[in-house]
2 protein chains.
Amino acid sequence: MEEGTLKSPSNCAGTVGVDYGDTDPFQWDSREDCQVRQILDRVADKWSLLVIALLDNRRLRFTELRREIDGISQRMLTVSLRQLERDGLVKRTVYPVVPPRVEYELTPLGRTLHTTIRSLVTWTEEHQGEIAAARQAYDAAESGRG
Amino acid sequence: MEEGTLKSPSNCAGTVGVDYGDTDPFQWDSREDCQVRQILDRVADKWSLLVIALLDNRRLRFTELRREIDGISQRMLTVSLRQLERDGLVKRTVYPVVPPRVEYELTPLGRTLHTTIRSLVTWTEEHQGEIAAARQAYDAAESGRG
DNA sequence: CTGGATCCGACATGATACTG
DNA sequence: CAGTATCATGTCGGATCCAG
């Protein structure tokens, strides 16, 4: 199983050698625990991001989520949901009926993250134009230089 | 080359089939442009996240960045920086000296993103304990059900 | 020092088939 | 419907060599 055992050992070896002397705005990576690196990676994951974004304050069924996040495979949706559930961000409710009915919703913890993620999404919405422009400019200059 | 051409064609096919009827909190993925999906993936990237986080309001050299983001390979740092530069988030300054000296800093656009990313990092810092606890609980219950 | 190019393995992800 | 298991593979990312 590709559980959340620990895939990247190198993440915790020396983690990040931040050493500002006094002002250390990013002590999180070297001290605290390298956990932050790992959690960031999980939370900033492509699919997790979308799942959390979609579960605003609604309960969605598996298939509903799958339809909304067009392009996600059943497998990845399952895996993502499992991870989010394990991290206490998403609550999974199974109704013992036939056919099966499973609903997903954000936990209180997940809702606090939703806010942050939402702001990331909003940022992207607002600045996609600038980014597109920057890319064009970059690519133009690039092809110009050969 | 693994440029930012377009790796996931499926991303833009139907993108996300959001269809709430009236209240559509996530129109971004289906309308606007699927760009959002792609940009989100880029800015939420593991290394990009850390790079932007580290370039708070300082200029860092290539090697400095590499040292701070312990665990990143030269290749990925280069790739990440190129992408960020192309997206207009990071400014690259080359000093025509020998040995070469290259410094990186956030652009104004990058600085706006920094704020958002910083809040994501902060969230992770603040809630890593809860997540760890949730994982323990989950794993315990899991092994219990065996 | 800063990178570009290449090679290659590992892991993540998709596709498919099967189950309760 | 909601997964699980298995297999195939594409991509990411590390290691290495080379160049300005």
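Every value quoted in this text rests on a predicted model; they were computed, and no experiment measured them.

1. Brief notes about the protein's contact with DNA strand C
Part 1 of the argument: The immediate surroundings of DNA strand C are formed by 21 residues, with Met76 of chain A together with Thr63, Gln74, Arg92 and Tyr104 of chain B found nearest.
Part 2 of the argument: Within the side chain of Arg61 of chain B, one N or O atom sits 2.9 Å away from a sugar or linking oxygen of DNA strand C.
Part 3 of the argument: Between DNA strand C and Arg75 of chain B, the relevant distance is 3.1 Å, taken from a base oxygen to a side-chain nitrogen or oxygen of the residue.
Part 4 of the argument: Within the residue set of the surface near DNA strand C, elements represented by two or more residues are helix 6 (74-86) of chain A together with helix 5 (62-68), helix 6 (74-86) and strand 3 (101-106) of chain B.
Part 5 of the argument: A per-element tally of the surface near DNA strand C places helix 6 of chain B first, with four residues.
Part 6 of the argument: Looking at the surface near DNA strand C residue by residue, the class counts come to nine nonpolar, five polar and seven charged.

2. A short note on unusual backbone geometry
Part 1 of the argument: For the peptide bond that leads from Val98 of chain A to Pro99 of chain A, omega is 5°, which places it in the cis range.
Part 2 of the argument: The residue Pro99 of chain A is located in the loop between strand 2 (90-95) and strand 3 (101-106) in this model.

3. As for the confidence of the model for chain A
Detailed reading of the predicted coordinates is not advisable wherever pLDDT is low.
Part 1 of the argument: With 77% of its residues at a pLDDT of 70 or more, chain A shows a mean pLDDT of 81.
Part 2 of the argument: Throughout residues 1-25 of chain A the model reports pLDDT below 50, and contacts reaching past four residues in sequence, or to other chains, amount to 39 contacts.

4. Some words on the protein's contact with DNA strand D
Part 1 of the argument: Around DNA strand D, 22 residues are found, and the nearest of them are Thr63, Gln74, Arg92 and Tyr104 of chain A together with Ser73 of chain B.
Part 2 of the argument: Counting only the atoms of DNA strand D that lie within 4 Å of the protein, the sugar and phosphate share comes to 62%.
Part 3 of the argument: Backbone polar atom of Pro100 of chain A to a sugar or linking oxygen of DNA strand D: 3.3 Å apart, as the coordinates give it.
Part 4 of the argument: Side-chain polar atom of Arg75 of chain B to a base nitrogen of DNA strand D: 3.2 Å apart, as the coordinates give it.
Part 5 of the argument: At the level of secondary structure, the elements contributing two or more residues to the surface near DNA strand D comprise helix 5 (62-68), helix 6 and strand 3 of chain A together with helix 6 of chain B.

5. What about the UniProt feature "domain: HTH hxlR-type" (unreviewed entry) in chain A?
Part 1 of the argument: In the numbering used here, UniProt assigns the "domain: HTH hxlR-type" (unreviewed entry) feature to residues 34-132 of chain A.
Part 2 of the argument: As annotated, residues 34-132 of chain A comprises 64% helix and 14% strand, and the C-alpha atoms at either end are separated by 34 Å.

6. Describing the environment of Glu64 of chain B
Part 1 of the argument: Considering the arrangement of structural elements, one finds Glu64 of chain B in helix 5.
Part 2 of the argument: In the structure, Glu64 of chain B is positioned 15 residues away from Leu49 of chain B in sequence and 16 Å away in space, judged by C-alpha atoms.

The rules behind the values
Residues numbered from 1 in each chain as written. Chains lettered and ligands numbered in written order. Predicted model: local features only at pLDDT ≥ 70, side-chain atom pairs only at ≥ 80, totals over all residues. Heavy atoms only, no water. Near = heavy atom within 4 Å. Polar contact = N/O pair within 3.5 Å; in protein donor to acceptor, adjacent residues only side chain to side chain. Helix = DSSP H or I, 4+ residues; strand = E, 2+ residues; numbered from the N terminus. Nonpolar A, V, L, I, M, F, W, Y, C, P; charged D, E, K, R; others polar. pLDDT = per-residue confidence, 0-100. Contact = heavy atoms within 4.5 Å. UniProt positions renumbered as here; feature names shortened; annotations may be inferred.

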